[in-house]
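# Coordinate inspection notes
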Amino acid sequence: MEQFLNEEFAAVKSKNSSAEALARWRKLCFFVKNKKRRFRNTANLPKRAEAKDMLKKNKEKLRVALLVSTAALHFIDAAPSSPIVYNVPEDVRAAGFDIDADELASIVEGHDIKKLKWHNGVNGIAAKLFSSITDGIIANEDTLKLRMKFYGLNKFDEKPPRGFLVFVWEASQDLILIILAVCAVISLGVGIGTEGWPDGSFEGLGILISIFIVVLVTAVSDYRQSLQFRDLDKEKKKIFVQVTRNGRRQKVSMYDLVVGDLVNLSIGDVVPADGIFISGYSLLINESSLTGESEPVSVGRDKPFLLSGTKVQDGSGKMLVTTVGMRTGWGKLLATLTEGGEDETPLQVKLNGVATIIGKIGLAFAVVTFIVLTLRMVVEKVISHQSWSGADAIRILNFLATAVTIIVVAIPEGLPLAVTLSLAFAMKKMMNEKALVRHLSACETMGSATCICSDKTGTLTTNRMVVVKVWITNNVKKIGSVKEGESLRSEICGSVLKLLLQCIFQNTGGEVVISEEGKLEILGTPTESALLGFGLSLGGNFATERSESRIIKVEPFNSVRKRMTVVVMLPDGKFRAYCKGASENILKMCNKGLDGSGSVVPLDEIASSDLKNIINGFAAESLRTLCLAYIDLEDNFDPERQTIPTNGYTFICIVGIKDPVRPGVKEAVELCRTAGITVRMVTGDNINTAKAIAAECGILTDDGLAIEGPDFREKSLEEMKTLIPKIQVMARSSPLDKHTLVRQLRTTLGEVVAVTGDGSNDAPALHEADIGLAMGIAGTEVAKESADVVILDDNFATIVNVAKWGRSVYINIQKFVQFQLTVNVVALVLNFVSACITGTAPLTSVQLLWVNLIMDTLGALALATEPPNDDLMKRLPVGRTGSFISNSMWRNIIGLSVYQLIVLAVLEMEGVRLLQLHGSDAESILDTVIFNTFVFCQVFNEISCRDIEKINVLHGTFNNWIFIGVMSFTVVIQVIMVEFLGDLASTVPLSWKLWLVSVLIGFFSIPVAAVVKCIPVSPKQPTDYRGYKALPGGPDESVN
C-alpha cells in the first residue's frame, strides 16, 4: 500500500503543487461516496483556472487603462486645455465636504494629474475632505460614520458563510446512502404490503432513521469545523495600519480606514486603500498584483497616485486616502474573482489514496457477499421446491441493503476528513498559543520539520532594545541610568554633542510625540526607539533638533544596504549627510574621526583597528552595535540627481544596544535538539554578537560553525554541501543568503525546513521554505502574506509549540487510521465469511450504519483531537521520506483484527452452546450479543489506539474531555439500541450476564493490544538519521 501511495499520490507537496499533480490524484479517486463532502476542503481547480483567466484579463485592462491615461495626459498637455466642470452634489456639500466619492475615484484610478491640479493638488483635496495633510481628520464616532456614509467602508464583498442546512444537504448527497434509502423505502412498501403495519415497517424504517442520524451527526461535525475555519479567517484579516488622526499617530484596523485619513507607509506595507502621495522619500511601489508589471513604480510628487493592494518595496511615505473598499481598483478586481480554495495537504491526499484502495476492496467484498447470499437463497429454493413470495423479495432487498451497507462501512470517507478535523482543532488551539496558521498544510508539515532557520532579533531575543554602552571621542561609557546619561553629556564637548543629537534625531524613521496623558512617547522600530531614547537621555529635544535643519533626501534602511542615510539642509544653506548602520559597513565608509575637543582628525589604520576591537568587544558582550557618522557635502550637491556618497565620512560614535534573550529560549532550543530538529540562527548582526547570543541560547555548540554571509555566498555548491550541515550561525547575511541556505537545505540535503522572516526581503526565503514563519509584531504585511504561519508574539518558544502541534496532528491521524482500518478489516471479513458459511450477515444494515458512525465521525472526533504531550518531542522527525502507515501500525491492525475475528467467529459458530441460549429467540439473542461484542471491541480498541507503541494507553485520558464524551456517548447509544430499539435495530434486550460477556470480550482488546505491542518490528526509516541515533523501537515511536 505504501508503495502505491508513494507512486500515485506523492506528487502533491506541502506548498506550490502543480495543477497537474492536484488533478492527477482526483482522477485516481473515481469511486467516491460523496464528492461534495470528500472534496470540500480541496482546491476547486476549474474555478481556480477561471479565476486565473479573469485576473489576467483584468490586469491587462488596468495596465492598458494606465498607459492610455498617461498618453492622453501628454496629449492634453500639448493641446489647448479644455475647462474642467465639476459640481459638488448637494448632499455632499450639506455634509461639509466639497468633493464626492466618484470624483475622487476618477482622479486616482485614472491617474488624472490635470484634474488633481484643478482641485489644487493634494492640499486642495485634503481641504475639500475636511482633512489636514499634517494632523489628519478630526475623528470621533459621528464624523467617522459620516465619512463611511458618503465615501463607503474599506471592506470588500465576501461570499456569505454557509449555514447548517447546507451541510445537511451536502451530507445527504452520499450516493451509497441514497441507494440504501431507496432500498429502505422499497422494503418499507413491500413489508407493509405483505406483513402489515407496524410489523412490516421495522426493517425499512430502522434504516431510514439510521440514515437520518448519520446525516445529522455528519452535518453537525462539518458545520463545527466550518465555524472554526471562519474564526481563523477573521484572525487572518486583522491588518493594522499607522494613521494620523486628531494630530496624533496611531494604529487602526485597515478596515476602519475612512476617506481623508493620513496613512504612514514603510517598507513591506500593503497599501490599504487608493490615495494620493503627500510626502516621503525613495518610495518604490510594486504594482504587480494589479498590473502584472514586475518593475516597481517610483511614487512622488510627479507620480502621486497609490493604489490599494500594491506593496511598498522600498522607502517610506505618507498618503491621503481618497477611495476605499469596493470603489478601489483592487476591490473591483476582487469582485470579479471566485474563490479557488486552498490546496489540499499531502496527508489529505495520502488518506484519499488509502480510502480509494480500501473502497475498491470493500466494493468487491460487497458484490461477492450479495452474490453469495442471493445464490444460496436461490439454491435453497430450487432444492426444496419452494415457491417465490413477497417475503423472498424482502430478503433479496435486505441482501442488497447489507451489501450496500458493507460499502458504506468499507469506504473510509472519514480518513481524509479526519485530517481536516484534526487540522482545524490544532489550528484553533495554536491560535490560543499565539500562532496563526494561514495555510492548512503548514500545520501538518511542521510536524515533519528537521530544521528551523531562525532570526535573532525579536525571535530569540525580546526586541526590547536599550542603549547600554557607547564609545565616543576615545571614551567608553555605560548608559544605564539618567545620571550616567547626564554624566556623559557633561563630558562631551558641545559641538560633538550637537552632531550626535542631530544624527540621532534627523536620521530616524521614528518619532517622539506627546501622548494623550501629556507624556513623551517614542514611536518606531525597537532599534529606532533605543537610539531616540538615548538622544533624549542626553537632554536632546526631538522637535527642536528637527526644526533646525530641513530634510532633503532619505535613503531608508534595508537589509541590502544595512544603513540609513539622510541629507539635510543646514541653516546656512549647506548640505550634510548623516548615516547610521552596521558597524563594519559604516567604519569602512569613514576616513576621519572626532577628538575630545570636537576637531576632525584623520582615521588611520591603527585608529580603525582600535575601533574594530571596540566593536568586537561590545559584540562579545552580546550587544548589537551600530555606528553613526556624517559628511559635509559640496555646495553644488544636487539631491535630485546625485546619489549620496558612500565614503569620506567622519566617524561620530559606536553604540551598544542590549536586546536580552527571551526567557525559555534556551530550553526550547534544547527541546528541539532532543526532537532531532536542528536550529540555525540567521541574522544580519555582527558575527561576534551573533555567536554570543547563539551560545547563550544553546544554538552554537563546540562542534558547530559560525559563518558570515559574504563568505558563505562565495562558496561553490560542493563546498556548500559539505559546509551547511555544520553551520549553526550565519551572521551579516542578506535575504539572498538566507534564500540560498534554505534552498540548499531542502534540495541538496533533503531537509524539511522552517524559516522565520519579518521583512519584505524575506519573502523569497519564506516562499522557498517548507514552512514560512512570519513575525506578527515585527513582521511586515508582505512577509505575513508570504508566510504559512504567523507567530503572533514573535517568540521562538511558540515556533517549537507549532512543531509539537504539527507532530500531534500527524500522530493523531495515524491513531485514527489504525483504528479505522481495524474496524474495516473485521467488519468486511465477518460479514463476508458469515454470508458464505451461514447464508446470513450477522450485522444488519442499521447496525452497520451505527458502526460506520462510530468509526468515521465519532472515531475521528475522539482520536484526531488528542492534545499534544511532551513525549512527542522525544521522537525523531518523520522528515521528507517517512512512511505514514508504519510497521508498528500494521502489527497492531493485524493483531487486533485477528483477535476480534476469532472471538466473533467463535460466537457465530458456537455462541448458542457456549452462552447456553435456549428457546425460540436464541438466534436473535446471539445476533445481538455478536453486535454488542463487536461494538465494545471497537470502543476498547479506540482506547488502545490512543498510543501506537505505549502499553499504558490510559495516561492522560481524563485530560481529553472530547475523548471521554465520545466514549460515553457511544456506550449510551449502544445501550439504547440494544435495550429499547428492538425491531428497529434488529436487537433484543440482554441479561446482565450477556452484557458482562460483551463488555469483557471488548475489554480484553486492551491486554491483547499490549501483548501485540511487545512484538518487535523493524522501522521503515534509517536507524541513523542526520547524526541522531534512533530511539528504541524506531523513529515513529515514542519512549516511555
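Before reading on, note that the structure itself is shown above.
For every chain, the first residue of the written sequence is number 1, and numbering continues from 1 along that sequence. Selection of residues for local features in this predicted model requires a pLDDT of at least 70, selection of side-chain atom pairs for listing and counting requires 80 or more, and totals for whole chains, interfaces and linings are taken over all residues. Hydrogens and waters are ignored; side-chain quantities use all the structure's heavy atoms.

A few words now on the overall build of the protein. Along its length, the protein carries 38 helices and 28 strands. Partly exposed describes any residue whose relative accessible area lies between the buried limit of under 20% and the exposed limit of over 50%, with all areas from a 1.4 Å probe on protein chains only and scaled to the type maximum. Going through the 1040 residues of the protein one by one, you find that 55% of them count as buried. In the protein, 73% of the contacts between residues at least 6 apart in sequence involve partners at least 24 apart. Where accessible areas are quoted, they stem from the Shrake-Rupley method and a 1.4 Å probe; at the residue level, only the protein chains shown are allowed to cover. Carbon and sulfur atoms make up 58% of the accessible area of the protein, which amounts to about 43,900 Å² in all. Secondary structure elements are defined from DSSP: runs of H or I of at least 4 residues count as helices, runs of E of at least 2 residues count as strands, and each element is numbered from the N terminus. Any pair of residues with heavy atoms lying within 4.5 Å of one another is described as a contacting pair.

So, on to helix α6 (residues 101-109). Looking only at α6, the buried set comprises Ala-101, Glu-103, Leu-104, Ala-105, Ile-107 and Val-108. Taken together, the buried residues of α6 touch α7 (113-118), α8 (121-128), α9 (141-151), β4 (274-286), β6 (305-306) and β7 (311-323).

Right, let's get into the packing of helix α34 (residues 887-914) against helix α38 (residues 1005-1013). Lines fitted to C-alpha atoms define the axes, with helix axes restricted to the stretch in contact, and inter-axis angles between N-to-C directions lie between 0 and 180 degrees. At a minimum axis distance of 9 Å, the contact between α34 and α38 shows a crossing angle of 140 degrees. On the basis of their axis angle, the class for α34 and α38 is oblique. Crossing handedness for the pair α34 and α38: right-handed. Listed contacts from α38 to Arg-891, Asn-892, Gly-895, Leu-896 and Tyr-899 of α34 are Ser-1005, Val-1008, Ala-1009, Val-1012 and Lys-1013. Here the term charged refers only to Asp, Glu, Lys and Arg, the term nonpolar to Ala, Val, Leu, Ile, Met, Phe, Trp, Tyr, Cys and Pro, and the term polar to all other amino acids, Gly among them. Classifying every residue of the contact of α34 with α38 gives 5 nonpolar, 3 polar and 2 charged. By definition in this entry, angles of less than 35 degrees are roughly parallel, angles greater than 145 are roughly antiparallel, angles of 65 to 115 are roughly perpendicular, and the rest are oblique. For a crossing to be left-handed, the near helix must be turned anticlockwise from the far one by less than a right angle; the clockwise case is right-handed.

Strand order in the open sheet formed by 8 strands is β8-β26-β25-β24-β9-β21-β23-β22, and the pairing between neighbours is mixed. Strand pairing shows two members of the sheet lacking a second neighbour, β8 (435-437) and β22 (705-708), which therefore form its edges. The mean inter-strand angle of the sheet, taken between neighbouring strand axes irrespective of direction, is 20 degrees. As defined by bridge partners, strand β21 (residues 678-682) adjoins strand β23 (residues 727-731) across 2 bridges and the pair is classed as parallel. The partner of Val-682 across the bridge, within β23, is Met-730. Helix α29 (residues 735-747) rests against β9 (451-454), β21, β23 and β24 (753-757) of the sheet, and its axis sits at about 170 degrees to β24. Against the sheet, helix α32 (residues 796-838) engages β8, β9, β21, β24, β25 (771-775) and β26 (789-791), with an angle of about 145 degrees to β26. Pairing between strands requires that DSSP locate at least two bridges from one strand to the other.

Residues enter patches when their relative accessible area tops 30% and they take part in no salt bridge; the joining distance is 9 Å for like charges and 5 Å for the nonpolar side chains Val, Leu, Ile, Met, Phe, Trp and Tyr. What makes a salt bridge here is a side-chain nitrogen of Lys or Arg within 4 Å of a carboxyl oxygen of Asp or Glu, nothing more. A surface patch of nonpolar side chains, about 410 Å² in accessible area, is lined by Ile-209, Phe-212, Ile-213, Leu-216 and Val-220. Note on placement: Ile-213 falls in helix α12 (residues 202-236). When its relative accessible area of 40% is taken as the criterion, Ile-213 is described as partly exposed.

So, about the pattern of salt bridges. Using the criterion set out here, one finds 30 salt bridges in the structure. Of the charged contacts in the structure, one is a salt bridge between Lys-145 and Glu-141, with a shortest N-O distance of 3.3 Å. Linking Lys-145 with Glu-141, this pair stays in helix α9, spanning 4 residues, or about one helical turn. With respect to burial, Lys-145 and Glu-141 carry one shared label: exposed. Taking the shortest distance from any N to any O, the salt bridge between Asp-455 and Lys-738 comes out at 2.9 Å. Taken together, the residues Asp-455 in the loop between β9 and β10 (466-472) and Lys-738 in helix α29 connect sequence positions 283 residues apart. The pair formed by Asp-455 and Lys-738 is uniform in burial state, with each residue classed as buried.

Quick look at the nonpolar core now. Throughout, nonpolar core names a set of buried Ala, Val, Leu, Ile, Met, Phe, Trp, Tyr and Cys residues whose side chains join them through atoms within 4.5 Å. By size, the foremost hydrophobic cluster in this structure holds 138 residues, and its most contacted members are Met-446, Ile-771, Val-789, Phe-796, Ile-813, Val-817 and Phe-934. Looking at this core, the element that brings in the most residues is α32, giving 18 residues. Look past the residues within four positions of Val-817 in its chain and what remains in contact with it is Leu-351, Leu-415, Phe-884, Ile-885 and Met-889. Counting residues in hydrophobic clusters, the runner-up holds 42 residues, among them Leu-129, Val-259, Leu-265 and Ala-273.

Moving on, we get to the packing of aromatic side chains. Any Phe, Tyr or Trp ring, taking Trp's six-membered ring, that has another such ring centre within 6.5 Å forms a pair; planes under 30 degrees apart are called stacked, those over 60 apart edge-to-face, and the others tilted. This model, assessed by the stated rule, comprises 11 aromatic pairs. Arranged with centres 6.4 Å apart and planes meeting at 65 degrees, the rings of Phe-97 and Phe-150 form a pair that is edge-to-face. Taken as a pair, Phe-97 in the loop between α5 (90-94) and α6 and Phe-150 in helix α9 lie far apart in primary sequence, 53 residues in all. Here Phe-150 falls in the buried class, since its relative accessible area comes to 17%.

To continue, consider the pairing of β21. Among the 5 residues in β21, 5 count as buried, and that is most of the element. In the sheet, β9 pairs with β21 via 4 bridges, with the strands oriented parallel. When the bridges of β21 are listed, Cys-451 appears paired with Thr-678.

Direction of pairing for β10 relative to strand β11 (residues 475-478): antiparallel, over a ladder of 4 bridges. Paired with Trp-471 across the strands is Val-476, a residue of β11. Hairpin remark: β10 followed by β11, antiparallel, with 2 residues in the connecting loop; positive phi at Thr-473, about 45 degrees.

Relative placement of two packed helices is described by the angle separating their axes and the distance separating the axes. At a minimum axis distance of 11 Å, the contact between helix α33 (residues 845-863) and helix α35 (residues 922-944) shows a crossing angle of 10 degrees. The angle between α33 and α35 falls in the class roughly parallel. The segment α33 lies against α35, with Gln-847, Trp-850, Val-851, Ile-854, Leu-858, Gly-859, Ala-862 and Leu-863 engaging Phe-931, Phe-934, Val-935 and Glu-942. Classifying every residue of the contact of α33 with α35 gives 9 nonpolar, 2 polar and 1 charged.

Phi is positive for Ser-282, close to 50 degrees, though the residue is something other than glycine. Take Ser-282: it is sitting in strand β4. Classification of Ser-282 as partly exposed rests on a relative accessible area of 38%. In this structure, Asp-794 takes a positive phi of about 55 degrees despite not being glycine. Structurally, the position occupied by Asp-794 is in the loop between β26 and α32. The exposure class assigned to Asp-794 is buried, which follows from its relative accessible area of 2%.

The disulfide definition used here is simple: a pair of cysteine sulfur atoms within 2.5 Å. For the structure shown, the criterion picks out 0 disulfides. Cys-453 supplies the cysteine sulfur nearest to Cys-451, a cysteine that is in no disulfide, at a spacing of 3.9 Å.

Structurally, Ala-366 is set in helix α15 (residues 346-384). Given the relative accessible area of 2%, Ala-366 is considered buried. Beyond its immediate sequence surroundings of up to four residues, Ala-366 is in contact with Ala-403, Ile-406 and Ile-407.

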